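Letter by letter, the chains look like this.
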Amino acid sequence: MAKTEFGVRAGRPAWTRRRRYIAGPPAPRGFRARLLRASALGIAPVLVVGAVTGVVVQVRSSGQDVRETVASDTPFTLSGHGNGHGRGMGQWGAYGYAKDQGWAAERILGHYYGGTTLGTLADAQISVRLQARDDQPLDVYSDAGAVVAGKPVGPGEAVHLTPTADGGANVVVTRGCAGDVLWQDATDHPWVDPVDLAPDRPANEHLKLCAGDTPYRGALGVALDGAAVRTVNVVDMDDYLLGVVPAEAKAGWADTGGAEALRAQAVAARSYAAAENREEYAKTCDTQSCQVYGGSSKEDPRTTDAVRSTKGMILTKDNKPVAAEFSSSTGGYTAGGEFPAVEDQGDTVSPNHDWVVTLTAGDIASAFNVGELESFEVVTRNNFGVDGGRVTGVKVVGTSGTAEATGAEARAKLKLKSDWFTLGDGLAVPAPPAAPGEPDPSILASAGEDEDTVGTTEGSPITEKYKELGGVNSTLGAPIGPEMMLPSEAGKFRMFTNGTIIWTKKLGAQVIDASVLREWLPTGGS
């Protein structure tokens, strides 16, 4: 599979670098002579790095070897596709297929979840660990009252449950969440039940947490996980989905032709939940580690319609519920794995179908803990989609070691939207000049939410000279790399298609022929 890399490796520009010296034999006379020519431009007669050829440079000078590293503030552009792991259904793709191509939920599901069939789930309950409540006792009330330890609790009266080692709980009931104690007891049934345990009950019967008044359908209870306290919500499956689908998808899609995408989301979420079996005390959880679930406060009539209209529908394989994974945006191709990889034309509507971020060499080196960066290679891809598809393996070399990682690990370490990315230097592909009053896209560091200025060269003498000459419309043509530091920080230079602009304090900014710089570069491994 094709490799992509940057740093001081063959086939890529060798951007601004630092040097590490290692004892070795003296440099050849010819090379020293070539370096002397640099003094005419006010450059100290030391290494001028391989900006044009991108070869591996190993220079011997004054009894020392030079091992190249990339300067920590050197910017690199990463261009990518999609948002999330890309396995199973792409939510934006489902919306695109529903809105633009009129696909029904069943067709959407068949496209993304190959090898599965639609089945039916009998009426069921699910237990959900409320992770934000970890290590806290349960404090809960209801506007319609509740039941605990077989006794009724009045409207607005609060129940405080603390789990015990025998599987039960200590009960304290107070007037309101912080009022006087009304009674207390111990029970072997560590649950607060609503006044009616049937599904689809009105809002005034829902149990509410004293902290924040967050309401939940079904019952709330406590359990011990070792010595740790857990809060659990046991709820009818479809009542649970009423709080999941609006948290995982956009209810507003129903207003713009995407109602079938919401129905597909309801089936996928029901299937995923039915296949879950996380803990002895709870089948699933309420965070992105499982499925996001916020109780009944976020329910929306549009997603409620999606759940009700697909009642009992699940995806199955071998007559068992399938863990139907989904992610926000596939970028145009799903990742494969449990379900066959497929092209995702619907994803063109996604705001993250394509994205660009800029990181520095220091960011990358720090993420992989390799010291100063020497190279970063994409070594393997999955071959699904453009640019070879998602990254499946990377290799990062630095002064203190080498790190290898999967694409998913690289995505996590670098905080990327997905593991489908390609590497470039610090500048975006040259674009036409911006319209008057608009920012020049060639000097924006990032298209992300935080448009920082890391890696920009706006206002530098070289950039100003380039603009003075006419920019991309000048005889220099388009840039072919970022600005780079000359040895000993004597100045800077930047390569263009038909020449080079060099800047030193002695010269200012001047245009020189690229061949002049090439003459100073070593060839091969000399």
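Numbering of residues begins from 1 in every chain and follows the order in which that chain's sequence is written. In view of the model being predicted, local features appear only for residues whose pLDDT reaches at least 70, and side-chain atom pairs are presented and counted only at 80 or more, with totals across whole chains, interfaces and linings using the full set of residues. In computing side-chain properties, one takes all heavy atoms of the structure into account and sets aside hydrogens as well as water.

> I would appreciate a short explanation of the layout of surface pockets in the present structure.
To find leftover empty space, one rolls a probe the size of a water molecule over the atoms. Only protein atoms enter the calculation, which uses a 1 Å grid: trapped sets of points that fit a 1.4 Å probe without letting it out are cavities, open sets showing protein on both sides within 12 Å along at least five of seven lines are pockets, and any residue with an atom within 4 Å of a point is a lining residue. Grid points are joined across faces, edges and corners, and a volume is the space filled by probe spheres set on the points. Of the volumes computed, that of the largest pocket is approximately 570 Å³. Contributions of two or more residues to the lining of the largest pocket are made by helix H2 (91-101), helix H4 (237-248) and strand S23 (326-327). Here the residues of the lining of the largest pocket are counted per class, giving nine nonpolar, nine polar and five charged. Only DSSP runs of H or I reaching four residues or more are called helices, and only runs of E reaching two or more are called strands; each is numbered from the N terminus. The residue classification treats Ala, Val, Leu, Ile, Met, Phe, Trp, Tyr, Cys and Pro as nonpolar and Asp, Glu, Lys and Arg as charged. All others, Gly included, are polar.

> Is there a simple way to explain the state of the cysteines in this structure?
The bond known as a disulfide is covalent and runs between the sulfur atoms of two cysteines. Only a pair of cysteine sulfur atoms within 2.5 Å counts as a disulfide in this structure description. Tallied over the full model, the rule gives two disulfides. Through a disulfide, Cys 177 is tied to Cys 210; the S-S separation comes to 2.0 Å. On the S-S bond that ties Cys 177 to Cys 210, the torsion sits near -85 degrees, and the link is left-handed. Remark: Cys 210 occurs in the loop between strand S16 (207-209) and strand S17 (215-216) and Cys 177 occurs in the loop between strand S13 (169-174) and strand S14 (181-187); sequence separation between them is 33 residues. With a sulfur-sulfur separation of 2.1 Å, Cys 285 is cross-linked through a disulfide to Cys 290. Taking the torsion about the sulfur-sulfur bond, which here is approximately 110 degrees, the covalent link between Cys 285 and Cys 290 counts as right-handed. Like Cys 285, the residue Cys 290 is buried in the burial classification. In the chain, the cysteines engaged in disulfides, taken in order along the sequence, are linked 1-2, 3-4. Only protein chains enter the accessibility calculation, which uses a 1.4 Å probe; a residue is then buried when its area is under 20% of its type maximum, exposed when over 50%, and partly exposed in between.

> Help me out: how do you make sense of the pairing of strand S27 (residues 401-405) in this one?
Within a regular beta strand, the side chains point alternately toward one face of the sheet and then the other, so they alternate between its two faces. Paired strands are those between which DSSP finds at least two bridges. Pairing analysis gives five bridges linking strand S26 (residues 391-398) to S27, with the strands arranged antiparallel. Among the inter-strand pairings, Lys 395 is bridged to a residue of S27, identified as Glu 404. Two successive antiparallel strands, S26 and S27, enclose a turn made up of two residues.

> It is not clear to me how the pattern of salt bridges should be interpreted in this structure. Could you clarify?
Pairing is possible between side chains that carry opposite charge, provided their charged atoms lie close to one another. Criterion for a salt bridge: a side-chain nitrogen of Lys or Arg within 4 Å of a carboxyl oxygen of Asp or Glu. With the rule as written, the count across this model stands at 25 salt bridges. As a salt-bridge pair, Asp 239 and Arg 308 come within 4.0 Å of each other at their nearest N and O atoms. Taken together, the positions of Asp 239 in helix H4 and Arg 308 in helix H6 (residues 301-308) put the pair 69 residues apart, joining distant regions of the chain. According to the relative accessible area criterion, Asp 239 is buried, its value standing at 5%. Salt-bridge contacts for Arg 278 lead to Glu 276; the nearest nitrogen and oxygen are separated by 2.9 Å. By relative accessible area, Arg 278 is classed as partly exposed at 37%. Classification of Glu 276 by relative accessible area gives buried; the value is 12%. Each of Arg 129, Asp 134, Asp 135, Asp 225 and Arg 230 takes part in salt bridges that share partners, so that together they form one network.

> In this structure, what is going on with the environment of Ala 247? I would like to understand it.
Position of Ala 247 among the secondary structure elements: in helix H4. In the structure, Ala 247 is positioned 53 residues away from Asp 300 in sequence and 9.8 Å away in space, judged by C-alpha atoms.

> Would you explain the packing of H2 against helix H3 (residues 105-112) in this entry?
Packed helices, taken two at a time, are described by the angle their axes make and the gap between the axes. Axis definition: a line fitted to C-alpha atoms, limited for helices to the stretch in contact. Angles are taken between N-to-C directions and run from 0 to 180 degrees. In the contact formed by H2 and H3, the axes pass within 10 Å of each other and the chain directions differ by 135 degrees. If you check the angle between H2 and H3, you find them oblique. For the pair H2 and H3, the sense of crossing is right-handed. Where H2 abuts H3, its residues Gly 93, Ala 94, Tyr 97 and Ala 98 lie against Ile 108, His 111 and Tyr 112. Considered class by class, the residues forming the contact of H2 with H3 number five nonpolar, two polar and no charged. We call two directions roughly parallel when the angle between them is under 35 degrees, roughly antiparallel when it is over 145, roughly perpendicular when it lies between 65 and 115, and oblique otherwise. Helix crossings fall into two classes, left-handed where the near helix is turned counterclockwise from the far one by less than a right angle and right-handed where it is turned clockwise. Contacts are residue-level and defined by heavy atoms, with any inter-residue pair within 4.5 Å sufficient.

> What's the story with the confidence of the model for the chain in this structure? I'm lost.
The predicted structure's coordinates, where accompanied by low pLDDT, should not be read in detail. The quantity called pLDDT is the predictor's confidence in a given residue, expressed from 0 to 100. For the chain, per-residue confidence averages 82 on the pLDDT scale, and 76% of positions sit at 70 or higher. Between residues 1-64, whose pLDDT stays under 50, and residues either more than four places distant or in other chains, the model counts 193 contacts. Contacts for the low-pLDDT stretch residues 427-458, under 50 throughout, to residues beyond four places or in other chains number 37 contacts.

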